[in-house]
Amino acid sequence: MQEVHKWHNDLTGKKLVENLKKNLFEAYYFEDESEVSKYIMNYVGTGTKIGFGGSVTVQSLNIAEQAMEKGAVILDHNDASLTQEEKMDIMRQQLTSDIFISSTNAITTSGELVNIDGVGNRVSAIVFGPKKVIIVVGLNKLCKDVETAFERIKMQAAPKNMKRLGFLNPCIKTGYCVNCDAETRACRIYSVIKRRPMLTDMTVIVVGKSLGF
């Protein structure tokens, strides 16, 4: 059974990379996380400023810890000890970081990146600003098209992220998005990247595993 799963992951992952390349993204398929870490570390050195988009997928790779060992400067606004003003300052610094590392809420079979943000710092940094943008996405986020990608976000990513971040929005009670009017609603910016942004050096790494949500 494991061989069947691997066959399917390899087949869909490599086809996705082909379609990402048609959309002018630099793209790679890796079977597991260790290959991802090695790839990213090639861009990291002493003083490299690395921004993070608050991704559970990226957190699971332990990139920040490895990068700090190489003397990199970590720009992570999720540090619980930061004041709101300090968080805002770091989010602005991420826009001009050397490397910005994030995931995407969903990705289509034709190679489109689909996201929903509350503040917009993540999608802003993905689209323009950092010298290098690296997107890491597991095959659990693969969807047929943009419509089903947004449905995936509403059914999976959004409520789970609200629970993770401690937002008491209606989706915490239902388990799925109800298009709420709550003041703390975090589904505010809807983004679809159909082609690599003209002036952004962006690499999408597809991993043949289930990563994040």
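Structure's up top.
Let me begin by describing the structure that accompanies this report. (Residues numbered from 1 in each chain as written. Predicted model: local features only at pLDDT ≥ 70, side-chain atom pairs only at ≥ 80, totals over all residues. Heavy atoms only, no water.)

This part takes up the overall build of the chain. A tally of helices and strands in the chain yields 8 helices and 10 strands. Computed over its C-alpha atoms, the radius of gyration of the chain comes to 17 Å, within 12% of the 17 Å expected for a compact globule of 213 residues. In terms of overall dimensions, the chain has C-alpha extents of about 45 × 45 × 35 Å along its principal axes. Out of the 213 residues belonging to the chain, those deemed buried represent 47%. Within the chain, contacts between residues at least 6 apart in sequence are counted, and of these 75% link residues at least 24 apart. When the accessible surface of the chain is split by element, carbon and sulfur atoms take 54% of a total near 11100 Å². If you average the places of the 27 positive and of the 24 negative side-chain charges in the chain, the two averages end up 4 Å apart. (Helix = DSSP H or I, 4+ residues; strand = E, 2+ residues; numbered from the N terminus. Rg over C-alpha atoms; globule rule 2.2 N^0.38 Å. Buried < 20%, exposed > 50% of the residue type's maximum accessible area, 1.4 Å probe, protein only. Contact = heavy atoms within 4.5 Å. Areas by Shrake-Rupley, 256 points an atom, 1.4 Å probe, with all protein chains shown as cover. Lys, Arg positive; Asp, Glu negative; His and termini not counted. Charge placed at Lys NZ, Arg CZ, Asp CG, Glu CD.)

This structure, assessed with the given rule, holds 10 salt bridges. The network of salt bridges with shared partners includes Lys-6, Asp-10 and Glu-31. (Salt bridge = Lys/Arg side-chain N within 4 Å of Asp/Glu carboxyl O.)

Next up on the list: unusual backbone geometry. With a phi close to 55°, Asn-62 is a non-glycine residue in the positive phi region. When you line up the elements, Asn-62 lands in the loop between helix H3 (56-59) and helix H4 (63-69). Residue class for Asn-62 comes out partly exposed when judged on its relative accessible area of 40%. Of note in this structure, Asn-179 is not a glycine but carries a positive phi near 55°.

Relative to the 30 Å expected for 21 residues at 1.5 Å per residue, helix H1 (residues 2-22) spans 30 Å between its end C-alpha atoms, a close match to the ideal helical length. Of all the residues in H1, the buried ones are Asp-10, Gly-13, Leu-16, Val-17, Asn-19 and Leu-20. Elements in contact with the buried residues of H1: strand S1 (26-30), strand S5 (106-108), strand S6 (113-117), strand S8 (142-143) and strand S10 (202-207). Two residues or fewer past H1, Leu-24 is found with a positive phi of approximately 75°. (Expected span 1.5 Å × (residues − 1).)

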